[in-house]
Amino acid sequence: MPDPAAVTVRVPAKVNLHLRVGSRRPDGYHGLTTVFQAVSLYDEVTVEPAPSPRLDVHGEGAGQLPRDGTNLALRAVHALAARTGRDAGVHVTLRKGIPVAGGMAGGSADAAAALVGADALWGTRLGTAELVRLAADLGSDVAFALLGGTALGTGRGERLSPVLSTGRYHWVFALAAEGLATPQVYAELDRMRAAGRAPAGPDPAGVLAAVRTGDAIALGRALGNDLQPAALRLRPALRRVLAAGRDAGAVGALVSGSGPTVALLARSADAAVALAAEVAGLGVCRTVRQAHGPVEGATVSPSG
Ligand code: C5P
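Residues numbered from 1 in each chain as written. Predicted model: local features only at pLDDT ≥ 70, side-chain atom pairs only at ≥ 80, totals over all residues. Heavy atoms only, no water.

### Remarks on the overall build of the protein chain
Note the cut-off: Strands are runs of DSSP state E lasting at least two residues, helices are runs of H or I lasting at least four, and both sets are numbered from the N terminus onward. The reference for a compact globule is 2.2 Å times residues^0.38; the radius of gyration itself is calculated from the C-alpha atoms. Buried means the residue's accessible area, taken with a 1.4 Å probe over protein chains only, is under 20% of the maximum for its type, while exposed means over 50%, and partly exposed covers the values in between. Any two residues whose heavy atoms approach within 4.5 Å at even a single point are treated as in contact. Reported accessibility uses the Shrake-Rupley method at a 1.4 Å probe radius. Residues are deemed covered only where the shown protein chains occlude them. His residues and chain termini do not enter the charge count, which takes Lys and Arg as positive and Asp and Glu as negative. Think of each charge as sitting on NZ of Lys, CZ of Arg, CG of Asp or CD of Glu.
Each helix and strand in the protein chain was counted, giving ten helices and twelve strands. Over its C-alpha atoms the protein chain spans a radius of gyration of 19 Å, differing by no more than 12% from the 19 Å that the globule rule assigns to 304 residues. Taking the principal axes of its C-alpha atoms as reference, the protein chain extends roughly 55 × 45 × 35 Å. The proportion of buried residues among the 304 residues of the protein chain is 53%. Considering only contacts in the protein chain between residues 6 or more positions apart, those separated by 24 or more positions represent 76%. Working note: accessible area of the protein chain is about 12,900 Å², and carbon and sulfur atoms make up 51% of it. Across the protein chain, the centroid of the 30 positively charged side chains sits 5 Å from that of the 25 negatively charged ones.

Structure below.
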């Protein structure tokens with residue numbers, strides 16, 4: 001069969017239901033124990049043949065992303081080309097639906113989608129295990145964006161094991177006007193810990209038990225993020241967003257990953273609609289998005 005002319009991949013954002021940050025390792029990364037959930041905010045990534053590598057980006061925040069070889073999506077294509085002996089000359093188009101620099105792994109999602117897209121375009125048939133290995137080398141969250149669902153992440157977040165999860169969880173995400181750089185948030189946490197502030201939180205047992213039984217209220221109580229105090233120190237206005245969400249009926253509220261997106265958990269789909277409307281009306285954030293999870297990872301869209 002000839003290679004397809006273009007492949008489009010849909011890839012979800014993530015929220016960390018639980019994020020416990022260990023100490024800084026010699027390689028500069030922090031050891032993590034985290035529970036990821038993939039949620040229904042998506043980027044769409046199209047990969048098509050081209051004489052030389054090229055990247056276009058559309059959607060909110062597109063102007064903030066690098067268009068050159070430093071973009072993680074192009075690095076993903078190069079990594080797959082090097083592994084399989086292909087020419088990396090492809091045109092990659094990103095359509096952003098995941099907030100940029102929002103703590104929802106949008107850049108990692110694009111890299112995962114580019115891997116899946118180039119794999120399908122070239123017919124390399126590497127298999128999921130090999131793609132996950134390539135993904136893990138590209139960034140801490142890329143492997144999870146490839147697999148989706150609900151997973152426990154260890155190492156720097158790239159070592160994944162599936163988590164038993166039942167039910168569907170309904171989220172409202174409060175998006176900020178300006179992003180936060182992940183390395184700065186980790187550095188702030190290091191400073192706070194050196195000063196004896198921001199101790200590590202509890203282990204993820206409560207979150208794992210809640211998702212096993214599909215209990216949104218128990219999950220809301222068990223949500224936790226060690227990066228949250230650092231994100232709040234860098235962006236104190238996020239406290240108001242968290243409080244507004246709780247006052248508006250969220251059963252759980254936390255900063256998503258390194259922030260500044262705030263994730264609000266609703267008790268039901270109807271409650272999420274009401275929560276989104278109320279939080280949007282308070283003017284505490286740039287905009288809100290509703291989503292549900294868990295959803296599947298990077299998936300080739302049907303053509304045509
Ligand atoms: O792996 P990724 O490129 O997504 O990480 C971005 C940055 O976040 C790293 O350069 C590092 O500063 C920080 N980080 C960390 N420990 C982790 C994951 C990320 O310190 N486990």
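### Some words on the nonpolar core
To keep things clear, this is the line we draw: We define the nonpolar core as a collection of buried residues of types Ala, Val, Leu, Ile, Met, Phe, Trp, Tyr and Cys that are connected through side-chain atoms lying within 4.5 Å of one another.
Leu 17, Val 92, Trp 171, Phe 173 and Leu 219 are the most contacted members of the largest nonpolar core, which has 66 residues in total. The leading source of residues in this core is helix α2 (residues 106–122), at ten residues. If you look at the next biggest cluster of nonpolar residues, it comprises 31 residues, including Leu 19, Ala 174, Met 192 and Val 288.

### Quick look at the side chain of Asp 119
To keep things clear, this is the line we draw: Just to be clear on terms, a salt bridge is a Lys or Arg side-chain nitrogen sitting within 4 Å of an Asp or Glu carboxyl oxygen.
Tracing the backbone through its elements, the reader meets Asp 119 in helix α2. No salt bridge is formed by the buried Asp 119. Its closest oppositely charged neighbour is Arg 125, at 8.0 Å. Excluding residues within four positions of it along the chain, Asp 119 makes contact with Leu 80, Thr 124, Arg 125, Leu 126 and Leu 131.

### Observations regarding the packing of aromatic side chains
Just so we agree on the cut-off: Think of it this way: a Phe, Tyr or Trp ring, Trp meaning its six-membered ring, pairs with another when their centres are within 6.5 Å, and the plane angle makes it stacked under 30 degrees, edge-to-face over 60, tilted otherwise. For a lysine, the NZ atom is tested; for an arginine, the CZ atom; a charge sits over a ring if that atom is within 6 Å of the ring centre and within 35 degrees of the ring normal.
Per the stated rule, a full pass over the model turns up two aromatic pairs. Taken together, a centroid distance of 4.6 Å and an interplanar angle of 10° make the contact between Phe 36 and Phe 144 stacked. Taken together, the residues span a long stretch of sequence, with Phe 36 in strand β2 (residues 30–49) and Phe 144 in helix α4 (residues 142–147) at a distance of 108 residues. Considered together, Phe 36 and Phe 144 belong to a single accessibility category, that of buried residues. Measuring from centroid to centroid gives 5.9 Å for Trp 171 and Phe 173, while their planes differ by 20°, and the two rings are stacked. Here Trp 171 and Phe 173 have matching classes, each one buried. Lying over the aromatic face of Tyr 29, Arg 156 brings its terminal NZ or CZ to 4.8 Å of the ring centre.

### Some thoughts on the packing of helix α1 (residues 72–84) against α2
Worth spelling out the cut-off: The axes are straight lines fitted to the C-alpha atoms, using for helices just the contacting stretch, and the angles between their N-to-C directions are given from 0 to 180°. In this scheme the crossing of two helices becomes right-handed for a clockwise turn of the near helix relative to the far one and left-handed for an anticlockwise turn of less than a right angle. Classes in brief: Ala, Val, Leu, Ile, Met, Phe, Trp, Tyr, Cys and Pro nonpolar; Asp, Glu, Lys and Arg charged; the others, Gly included, polar.
Closest axis-to-axis distance for the α1/α2 pair is 8 Å, and the angle between their directions is 35°. When you trace α1 past α2, the crossing you get is right-handed. Residues Leu 72, Ala 73, Ala 76, Val 77, Leu 80, Ala 81 and Thr 84 of α1 lie in contact with α2, whose contacting residues are Gly 107, Ser 108, Asp 110, Ala 111, Ala 114, Leu 115, Ala 118, Asp 119 and Trp 122. When its residues are assigned to classes, the contact of α1 with α2 shows eleven nonpolar, three polar and two charged.

### Thoughts on unusual backbone geometry
Residues Gly 259 and Pro 260 are joined by a peptide bond in cis, for which omega reads 5°. As for its placement among the helices and strands, Pro 260 is situated in the loop between β9 (252–255) and β10 (262–266). Cis geometry marks the peptide bond from Gly 293 to Pro 294; its omega dihedral reads 0°. Topologically, Pro 294 is positioned in the loop between β11 (287–293) and β12 (299–300). Not every positive phi belongs to a glycine, and Ala 101 is a case in point at roughly 50°. You can see Ala 101 is positioned in the loop between β4 (90–96) and α2. The backbone phi angle of Ala 105 is positive, close to 65°, even though this residue is not glycine.

### Some thoughts on the pairing of strand β1 (residues 7–24)
Worth spelling out the cut-off: Whether two strands pair comes down to DSSP finding at least two bridges between them.
Where β1 meets β2, 15 bridges bridge the pair, whose relative direction is antiparallel. Note that in β2 the partner of Arg 20 across the bridge is Thr 33. Count of turn residues in the β1/β2 antiparallel hairpin: five residues, of which Gly 28 carries a positive phi of about 95°. Bridge analysis of β1 against β12 gives two bridges, and the strand direction is antiparallel. Paired with Arg 10 across the two strands is Thr 299, which belongs to β12. Across two bridges, the pairing between β1 and strand β8 (residues 224–225) is parallel.

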